[in-house]
Amino acid sequence: MTHPPSRRFARAFYEAFDTDNPDLLDEKPALDWTPQPPVPGNPGGPEGQKQTLRMLHSILEDLRYTVEDVVVSGDTAAVRARLSGRQTVRPGNSSVCPRPAGTSR
């Protein structure tokens with residue numbers, strides 16, 4: 001059984017995060033990928049996703065993404081995925097994991 005391109009891409013997108021392989025984000029569909037909810041200050045597109053990948057791998061040891069489900073309608077895919085890992089950096093103690101605005105130490 002062949003899967004629609006949007007389903008294959010959605011799985012490959014999460015594989016990039018699961019395997020810490022940012023090169024997988026250079027594929028054409030990544031240009032239009034919009035994370036929901038959007039990441040504040042992230043430029044979007046492949047470079048924004050690479051920025052997010054680096055940040056997550058720098059603060060979460062043993063980061064794993066498991067795709068639970070992919071729902072496709074036309075050229076749109078919705079993904080239900082599980083993220084797991086052990087946090088090694090406290091928010092606010094790193095430039096890659098700044099303390100959210102409006103919070104105190």
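Residues numbered from 1 in each chain as written. Predicted model: local features only at pLDDT ≥ 70, side-chain atom pairs only at ≥ 80, totals over all residues. Heavy atoms only, no water.

Trainee: Outline the pattern of salt bridges, listing residues and values.
Mentor: Taken as a whole, this structure holds five salt bridges when the rule is applied. The shortest N-O distance in the salt bridge between Lys50 and Asp26 comes to 2.7 Å. Within this pair, whereas Lys50 is found in helix H2 (residues 45–59), its partner Asp26 is found in the loop between helix H1 (5–19) and H2, the two being separated by 24 residues in sequence. The buried category is assigned to Lys50, whose relative accessible area is 10%. (Salt bridge = Lys/Arg side-chain N within 4 Å of Asp/Glu carboxyl O. Helix = DSSP H or I, 4+ residues; strand = E, 2+ residues; numbered from the N terminus. Buried < 20%, exposed > 50% of the residue type's maximum accessible area, 1.4 Å probe, protein only.)

Trainee: Explain the nonpolar core to me, using residue names and the numbers behind them.
Mentor: Core analysis: the biggest nonpolar cluster contains 17 residues, and Phe13, Phe17, Leu25, Leu56 and Tyr65 have the highest contact counts within it. Within the residue set of this core, elements represented by two or more residues are H1, H2 and strand E1 (60–73). With six residues, the top contributor of residues to this core is H1. The residues touching Leu56, leaving out its near neighbours within four places in the chain, are Phe17, Leu63, Tyr65 and Leu83. (Core = buried A, V, L, I, M, F, W, Y, C linked by side-chain atoms within 4.5 Å. Contact = heavy atoms within 4.5 Å.)

Trainee: Describe the pairing of E1, naming the residues involved and giving the relevant values.
Mentor: Side-chain positions along a regular strand alternate between the two faces of the sheet. Examined bridge by bridge, E1 and strand E2 (residues 76–87) share eleven bridges and lie antiparallel to one another. In the sheet register, Glu61 faces E2, and the bridge partner there is Arg86. As consecutive antiparallel partners, E1 and E2 are separated by two residues, and within that stretch Gly74 has a phi angle of approximately 65 degrees, a positive value. (Pairing = 2+ DSSP bridges.)

Trainee: Tell me about unusual backbone geometry, residues and numbers included.
Mentor: Of note, Asp20 is a non-glycine position whose phi angle comes to about 55 degrees, a positive value. On the basis of relative accessibility, which here comes to 39%, the residue Asp20 falls in the partly exposed class. Although it is not a glycine, Asp62 adopts a positive phi angle of roughly 60 degrees. Note that Asp62 resides in strand E1. For Asp62, a relative accessible area of 57% puts it in the exposed group.

Trainee: Break down the packing of aromatic side chains for me, citing the residues and quoting the values.
Mentor: Evaluation of the coordinates by the stated rule reveals five aromatic pairs. Both rings, one in Phe9 and one in Phe13, keep their centres 5.9 Å apart while their planes meet at 55 degrees; by these two values the pair is tilted. Highlighted residues: Phe9 and Phe13, both in helix H1, separated by four residues, approximately one helical turn. Classification of Phe9 as buried rests on a relative accessible area of 7%. Ring pairing ties together the aromatic residues Phe9, Phe13, Tyr14, Phe17 and Tyr65, which thus form one cluster. (Phe/Tyr/Trp six-rings, centres within 6.5 Å; stacked < 30°, edge-to-face > 60°.)

Read these as geometric descriptors, not functional statements.
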